[in-house]
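Remarks on the overall topology
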Amino acid sequence: MAKTLPKSGTPRDAVMQQLKALHADDAKWKDGRTFSLVYFAGDEVSALLKDAYSEFIAENGLSPVAFPSLRQMECEVVSMAASLLGGDDDVAGTMTSGGTESIMMAIKTAREWGRKVKGLKRPHVIVPASAHPAFDKAMHYFDVDYSHAPLQADFRVDVAAMEALIRPETVLLVGSAPAYPHGVIDDITAIAGLAKSLGLLCHVDACLGGFFLPFARMLGRPVAPFDFAVDGVTSMSADLHKYGYAAKGASVVLYRTGALRRHQFFTYAGWNGGLYASPSFCGTRPGGAIAAAWAVMHHLGEAGYLTRAQSIIDSTKAMQAGIRDIAGLHVLGEPVGGVFAFGSDSLNVYELGDAMDARGWKLDRQMSPPALHVMVTPAHAAVWAQFLTDLAECAKSLAAGEPAPDGSAAMYGMVGSIPDKSQVDDFLGEFLDGLFNRA
Ligand SMILES: *Cc1c(COP(=O)(O)O)cnc(C)c1O
């Protein structure tokens, strides 16, 4: 029988015990054996996030009038993010629940701008093929017309191909800094320059790089221009809950001017319930996420972010050198930070992924080209050497013809052989159905 609400309550200690037991089968992110989903900046930061989140766990960011505390913290977080990302005092923004919401808001803003300022019925957007699926989701939710621009051999978007896709309805060109799959930064100077020359908007998705690249640059890493310092960039997304090390549910979306941000807002004056004004997608906005982001930015400061960026840079360098040393493996493109992918001309990388799974390493699988994905955090400083040892051993045994342990290789091989990816969508829908069946 499906689970129902318990008739009577359970004591707090017993509930907490059950909660803790539920962790058992979860990804072991703390020991650095996973490469996405969790950005761990150390126990001390985690404890601060918990305290800050709890302090504002009840407060609701929907009403800045009722909670001036949240309004102040949000404005300060946005301001700190804007100045890190080359913005002047005109740059305006809001916090959101994450990268997806930030991107949705940027797309909705571009659509409204196209309708109201350009008088277009059906505004059109151009997005690199490597851009995060949050863009496809935003187009789907907001019914915006869009095209994917292909990538060059170096995995950056082909700006000439992007230009060729521009039509009279086009309102926005997108670039990533960096793109999730290969960790390379699109040529933002070229994209923004093109957009500006035609009077279009340009969004830079720095969800991943927004709180890493500025520090990598301060540390002397060569980082191509990607932020508001580039003429023509009109909006940016940057995730606090990634390399900003905030609690989950925190990102910023920024605009070159307050006038542009105005298109993001939703207001409704005709409701019986009173005047309604909502800055972003969500209605109720958790105060805890705002407070935790504010807290970690103040606690780490530039110095704290620099230390963590340096750790990531060092681990990444070592990992990439080690991967290049393993026969048959290569790093894709020229990744700029701790996010990168590696592939192989001689081995089945999905089998390699399964072999690594069996040793407790969870690497994400990528397609076209087949690759394994790495996302380095400070948690990996202690384990990259063991990672390389295991990877070399797994690669060697596969090269010797030993069978890989059972895993997802067969499925990825199958999916890779289907040219029409819309057929795979049905399969993914069924997968979700199965996952969320009632308990
Ligand atoms: C993570 C990510 C997103 C989406 O962010 P969520 O917080 O998962 O919604 C968008 N763009 C890039 C480049 C990302 O890495």
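Residues numbered from 1 in each chain as written. Predicted model: local features only at pLDDT ≥ 70, side-chain atom pairs only at ≥ 80, totals over all residues. Heavy atoms only, no water.

Here the focus is the overall build of the protein. Within the protein, the regular secondary structure consists of 14 helices and 13 strands. Taken along its principal axes, the extent of the C-alpha atoms in the protein is 70 × 65 × 50 Å. Buried residues in the protein amount to 48% of all 439 residues. Contacts in the protein between residues at least 24 apart in sequence constitute 71% of all its contacts with a sequence separation of at least 6. Put simply, the protein shows about 21,200 Å² of open surface, and 56% of that area lies on carbon and sulfur atoms. The protein carries 37 positive and 47 negative side-chain charges, and their two centres are separated by 5 Å. (Helix = DSSP H or I, 4+ residues; strand = E, 2+ residues; numbered from the N terminus. Buried < 20%, exposed > 50% of the residue type's maximum accessible area, 1.4 Å probe, protein only. Contact = heavy atoms within 4.5 Å. Areas by Shrake-Rupley, 256 points an atom, 1.4 Å probe, with all protein chains shown as cover. Lys, Arg positive; Asp, Glu negative; His and termini not counted. Charge placed at Lys NZ, Arg CZ, Asp CG, Glu CD.)

As a structural note, the neighbourhood of the ligand is formed by 13 residues, with Gly99, Thr100, Asp205, His241 and Lys242 the closest of them. A distance of 2.9 Å separates an oxygen atom of the ligand from a polar atom in the side chain of lysine 242. If the ligand stood free it would expose 380 Å²; the protein chains cover 85% of that surface. The element contributing the most residues to the shell around the ligand is helix α4 (residues 99–116), with three residues. (Near = heavy atom within 4 Å. Polar contact = N/O pair within 3.5 Å; in protein donor to acceptor, adjacent residues only side chain to side chain.)

Here the focus is the domain arrangement of the protein. Assigned domains of the protein: these are domain 1 (52–297) and domain 2 (302–422). For domain 1 and domain 2, the distance between their C-alpha centroids amounts to 29 Å. Contact with domain 1, which involves 25 residues of that partner, is made by 27 residues of domain 2. Both sides together, the interface formed by domain 1 and domain 2 hides about 2,100 Å², and carbon and sulfur atoms give 70% of it. Along the contact surface separating domain 1 from domain 2 lie zero salt bridges. At the surface where domain 1 touches domain 2, the tally comes to seven residue pairs in polar contact (both at pLDDT 80 or more). Going through the elements one at a time, α8 (213–218) and α10 (287–325) are the ones with two or more residues in the side of domain 1 that touches domain 2. Tallying contributions element by element places α8 first for the side of domain 1 that touches domain 2, with four residues. Residue composition of the side of domain 1 that touches domain 2, grouped by class: 20 nonpolar, three polar and two charged. (Domains from an automatic or database assignment. Buried area = accessible area lost by both parts, 1.4 Å probe. Salt bridge = Lys/Arg side-chain N within 4 Å of Asp/Glu carboxyl O. Nonpolar A, V, L, I, M, F, W, Y, C, P; charged D, E, K, R; others polar.)

In this section: the packing of α10 against helix α12 (residues 384–399). Describing two packed helices takes the angle between their axes plus the distance from one axis to the other. In the contact formed by α10 and α12, the axes pass within 10 Å of each other and the chain directions differ by 15°. Comparing their axes, α12 and α10 come out roughly parallel. In the crossing of α10 with α12, the sense of the turn from one axis to the other is right-handed. Contacts between α10 and α12 involve Ser315, Ala318, Met319, Gly322 and Ile323 on the former and, on the latter, Trp384, Phe387, Leu388 and Leu391. Of the residues belonging to the contact of α10 with α12, the class tally is seven nonpolar, two polar and no charged. (Axes fitted to C-alpha atoms, helices over the stretch in contact; angles between N-to-C directions. Parallel < 35°, antiparallel > 145°, perpendicular 65-115°, else oblique. Left-handed = near helix turned anticlockwise from the far one by under 90°.)

Contact pair helix α3 (residues 68–84) / α10: the axes reach a minimum separation of 9 Å and the direction vectors enclose 50°. By the angle between their axes, α3 is oblique relative to α10. For α3 against α10, the interelement crossing comes out left-handed. Of the residues in α10, those in contact with Leu70, Met73, Glu74, Glu76, Val77, Met80 and Ala81 of α3 are Gly287, Ile290, Ala291, Ala293, Trp294, Met297 and His298.

The four strands are arranged β10-β11-β13-β12 in an open sheet whose pairing can be described as antiparallel. Each having just a single partner strand, β10 (329–331) and β12 (364–366) make up the two edges of the open sheet. In this sheet, adjacent strand axes meet at a mean angle of 35° when their direction is disregarded. Here β12 pairs with strand β13 (residues 371–375) via three bridges, running antiparallel. Within the sheet, the bridge partner assigned to aspartate 364 lies in β13 and is histidine 373. (Pairing = 2+ DSSP bridges.)

With respect to the element layout, lysine 242 can be found in the loop between β6 (235–239) and β7 (251–255). The contact partners of lysine 242, leaving out residues within four places of it in the chain, are Tyr39, Cys207 and Leu208.

Attention shifts here to the pattern of salt bridges. What the rule picks out here adds up to 16 salt bridges. Two residues, aspartate 390 and arginine 359, come together in a salt bridge whose shortest N-O distance is 2.9 Å. In this pair, aspartate 390 is assigned in helix α12 and arginine 359 in the loop between α11 (349–358) and β12, connecting sequence segments 31 residues apart. Judged by relative accessible area, arginine 359 falls into the partly exposed class, the value being 33%. When salt bridges with common partners are traced through the structure, they connect Arg111, Glu112, Arg115 and Lys116 into a single cluster.

Now for the packing of aromatic side chains. Considering all chains together, one arrives at twelve aromatic pairs under this definition. Arginine 33 extends its terminal NZ or CZ atom over the ring of tryptophan 361, reaching a point 4.1 Å from the ring centre. (Phe/Tyr/Trp six-rings, centres within 6.5 Å; stacked < 30°, edge-to-face > 60°. Lys NZ or Arg CZ within 6 Å of the ring centre and 35° of its normal.)

Our next topic: the nonpolar core. Ranked by size, the top nonpolar core spans 97 residues in total, and within it Phe226, Leu240, Tyr243, Val252, Phe342 and Phe387 carry the most contacts. The biggest single contributor to this core is α10, with 15 residues. A domain split of this core shows at least three residues from each of domain 1 (52–297) and domain 2 (302–422). If near-sequence neighbours (up to four positions away) are discounted, phenylalanine 387 is found in contact with Phe35, Met319, Ile323, Met356, Trp361 and Leu363. If you look at the next biggest cluster of nonpolar residues, it comprises 25 residues, including Ala106, Ile107, Val127 and Leu172. (Core = buried A, V, L, I, M, F, W, Y, C linked by side-chain atoms within 4.5 Å.)

Our next topic: the side chain of glutamine 366. Mapped onto the elements of the fold, glutamine 366 is located in strand β12. Every residue in contact with glutamine 366, bar those within four places of it in the chain, is listed here: Tyr180, Pro181, His182, Ala341, Tyr350, Ala371 and His373.

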